[in-house]
Amino acid sequence: MEKKVIVVGGGAAGMSSASRIKRLRPDWNVKVFEKTSWVSHAPCGIPYFIEGLCGEEDLMYYSPEFFRRERGIDLHLNSEVIEIEEGEARIREERGERKYSWDYLVLANGSSPILPEIDGIELEGVFTLHHPEDLRRISSPLEKCRESVIIGSGYISVEIAEALLSRGKRVTLIARSNRVLRKSFDKEITAPLEEEMRRKGVNLRFNEKTIEISGENRVRKVITDKGEYEADLVIVAVGTRPNVELAKQIGAKIGKTGAVWTDEKMRTSVEGVYAAGDVAETRNLITGKRVWIPLATTANKMGFVAGSNISGMNVEFPGVLGTQITKFFSLEIGKTGLTENECKENGLEFISKTIKARTKAHYFPGGGEIKVKVIAEKETKKLLGIQAIGEEILPRINSFAVALYSNLRTRDLFFSDLAYAPPFSPVWDPLVVASRVLGID
């Protein structure tokens, strides 16, 4: 029997769920409503567009025509879902408003950038960079910019700082926190990143509160409680929040994180309504607590799980470890699992060690250095987390993520049969060394 499915949002989670349903139930009517002209977009690529490494068209993985022609999805662009109720949704489209019925509803409408209450934030030349559509507004001001200010100290701020420096802009980064990436990494890892950012020319201004963005019509300076900074371009990147308004309309439960509560099958508290991606919360695999970690890889998997279960399968989304990675020029920084601060917040008894190692055999040309911090439970030696900075950290972060998912201990990691050859690793891989210093008894 044919079912009608409405998916709200054409990003990673939305298109993943819609594609999964059409694969398993090709006779079903699956409609996706996306309020912008973008679908299957890649916001993670925005800094690299700013840097000039890719074009705007590269930030769309698949075209709208691909989803319509190859996957049979009824895709509606520039169509905003403005009201939902049981079995029906009201949509504002280019030709006016219209109502559509549904048997299943998938909320995949993502998150939005937080705009702090700062005087002058509406001035021309002030931007958020959360969606590829933002790039069309910033392209011309970016060309003319000489003095740029970034407000915020998270991932996007670090990546945009590199992009602007690469374009020959002067960069000031202002943060209320006392260091970059404070929520994601411990100080031992962020300190060398800050050193490199300063060396490259970023003016880091920590423990400063932005009070005003000033100028006549167009931004001219940013004023904090400690100073004033010239600016003809300002990027505001202080975080995002989930778009839960539609979920509230339908009566779906909002979790402790502020995102939509879901179970392991991505079902909300409302019958027939699912949520996936940046709008939904999930579970931390180590602590078991509810968390909201909006990442593209998570969104795609959540969408896959939602689509599978709507189609009659029995698939569970187990949760997340918060595996993340970024870079500042050649310096890579990444983590998975818990930081030392997060262990303390969760009342865990732990041990931690920080090591330095080479990424290749000492005699092989081209090798670099890597700094690794590893954390394990004090008594059981169960692995809890890793943070790394340096070169070639991705394989170490990913390997450790698998170890965490498998509930391995330091002894298990030490005796893991990791590959070795001089061009790729020292004979004692940094992960093996790290597990050894934590203790394998």
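Below: a short report on this structure. Since we're looking at a predicted model, the values are computed, not measured.

How each quantity is defined
- Residues numbered from 1 in each chain as written.
- Predicted model: local features only at pLDDT ≥ 70, side-chain atom pairs only at ≥ 80, totals over all residues.
- Heavy atoms only, no water.
- Core = buried A, V, L, I, M, F, W, Y, C linked by side-chain atoms within 4.5 Å.
- Buried < 20%, exposed > 50% of the residue type's maximum accessible area, 1.4 Å probe, protein only.
- Helix = DSSP H or I, 4+ residues; strand = E, 2+ residues; numbered from the N terminus.
- Contact = heavy atoms within 4.5 Å.
- Salt bridge = Lys/Arg side-chain N within 4 Å of Asp/Glu carboxyl O.
- 1 Å grid on protein atoms, 1.4 Å probe; cavity = no way out; pocket = protein on both sides within 12 Å on 5 of 7 lines; lining within 4 Å.
- Points joined across faces, edges and corners; volume = space filled by probe spheres on them.
- Nonpolar A, V, L, I, M, F, W, Y, C, P; charged D, E, K, R; others polar.
- Lys, Arg positive; Asp, Glu negative; His and termini not counted.
- Polar contact = N/O pair within 3.5 Å; in protein donor to acceptor, adjacent residues only side chain to side chain.
- Pairing = 2+ DSSP bridges.
- Axes fitted to C-alpha atoms, helices over the stretch in contact; angles between N-to-C directions.
- Parallel < 35°, antiparallel > 145°, perpendicular 65-115°, else oblique.
- Left-handed = near helix turned anticlockwise from the far one by under 90°.

1. Some remarks on the nonpolar core
Moving on, step 1. If you look at the biggest cluster of nonpolar residues, it comprises 49 residues, and the most contacted ones within it are Ile6, Val81, Ile84, Leu105, Leu107 and Met266.
Moving on, step 2. Element by element, the count of residues in this core is highest for helix α8 (residues 296–310), at five residues.
Moving on, step 3. Aside from chain neighbours lying at most four places away, what touches Ile84 is Ala89, Leu105, Leu107, Leu246, Gln249 and Ile250.
Moving on, step 4. Leu59, Cys145, Ala175 and Ile333 belong to the second-largest nonpolar core, a separate cluster that totals 37 residues.

2. Topic: the pattern of salt bridges
Where charged atoms from two side chains of opposite charge approach closely, those side chains can pair.
Moving on, step 1. Summed over the entire model, instances satisfying the criterion amount to 24 salt bridges.
Moving on, step 2. Here Glu80 makes a salt bridge to Arg92, at a shortest N to O gap of 3.6 Å. Placement of the pair is Glu80 in strand β4 (residues 80–85) and Arg92 in strand β5 (residues 88–93), with a sequence separation of twelve residues.
Moving on, step 3. A salt bridge links Lys335 to Glu342; its shortest N-O distance comes to 3.4 Å. Assigned by exposure class, Lys335 and Glu342 land together as buried.
Moving on, step 4. Each member of the salt-bridge network shares a partner with another, and the members are Asp186, Glu188, Glu340, Lys344 and Lys373.

3. Focus: the side chain of Asn309
Moving on, step 1. As for its placement among the helices and strands, Asn309 is situated in helix α8.
Moving on, step 2. Filtering out sequence-adjacent residues up to four positions away, Asn309 remains in contact with Lys265, Tyr274, Asn314 and Val315.

4. Examining the layout of surface pockets
Moving on, step 1. Of the pockets and cavities examined, the second largest pocket occupies roughly 290 Å³.
Moving on, step 2. Lining the second largest pocket are 13 residues, with Pro192, Leu331, Glu369, Ile389 and Gly390 positioned closest to its centre.
Moving on, step 3. Those elements that provide at least two residues to the lining of the second largest pocket are α6 (187–200), β24 (369–377) and β25 (383–390).
Moving on, step 4. Considering every element that reaches the lining of the second largest pocket, the biggest residue donor is α6, with four residues.
Moving on, step 5. Here the residues of the lining of the second largest pocket are counted per class, giving four nonpolar, two polar and seven charged.

5. Concerning the side chain of Lys22
Moving on, step 1. Mapped onto the elements of the fold, Lys22 is located in helix α1 (residues 12–24).
Moving on, step 2. Of the buried charged residues, Lys22 lacks a salt bridge, with Asp27 as the closest side chain of opposite charge at 7.0 Å.
Moving on, step 3. Polar side-chain contacts of Lys22 include one of 2.8 Å to the backbone oxygen of Trp28.
Moving on, step 4. Setting aside residues no more than four positions away along its own chain, Lys22 makes contact with Trp28, Val30, Arg71, Gly72 and Ile73.

6. Concerning helix α12 (residues 430–438)
Moving on, step 1. Buried residues dominate α12, accounting for seven of its nine residues.
Moving on, step 2. Regarding α12, the residues found buried are Pro430, Leu431, Val432, Val433, Ala434, Ser435 and Leu438.
Moving on, step 3. Elements in contact with the buried residues of α12: β23 (350–358), β24, β25, α10 (394–405) and α11 (410–414).
Moving on, step 4. At the N-terminal boundary of α12, the capping side chain belongs to Asp429, with an oxygen 2.9 Å from the backbone nitrogen of Leu431.
Moving on, step 5. In the segment just after α12, Gly439 is the residue with positive phi, at about 110 degrees.

7. Regarding the sheet that holds strand β18 (residues 273–275)
Moving on, step 1. Strand order in the open sheet made by the five strands is β3-β2-β1-β7-β18, with parallel pairing throughout. Edge positions in the sheet fall to β3 (74–76) and β18, since each of these pairs with one other strand and no more. The mean angle between the axes of side-by-side strands here comes to 15 degrees, regardless of whether they run parallel or antiparallel.
Moving on, step 2. In this structure, strand β1 (residues 4–8) lies alongside strand β7 (residues 104–107), joined through four bridges in parallel fashion. Within β7, the position partnered with Ile6 by the bridge is Leu105.
Moving on, step 3. Contacts between α8 and the sheet are confined to β1, β7 and β18, with β18 contributing the most and set at about 160 degrees to the helix.

8. Concerning the packing of α1 against α8
Moving on, step 1. Two elements in contact, α1 and α8, have axes whose closest approach is 7 Å; the angle formed by their N-to-C orientations is 30 degrees. Relative to α8, the element α1 is oriented roughly parallel. Pair α1 / α8 crosses with right-handed handedness. Residues Ala12, Ala13, Ser16, Ser17, Arg20, Ile21 and Leu24 of α1 pack against Ala296, Ala299, Asn300, Gly303, Phe304, Gly307, Ser308 and Ile310 of α8.

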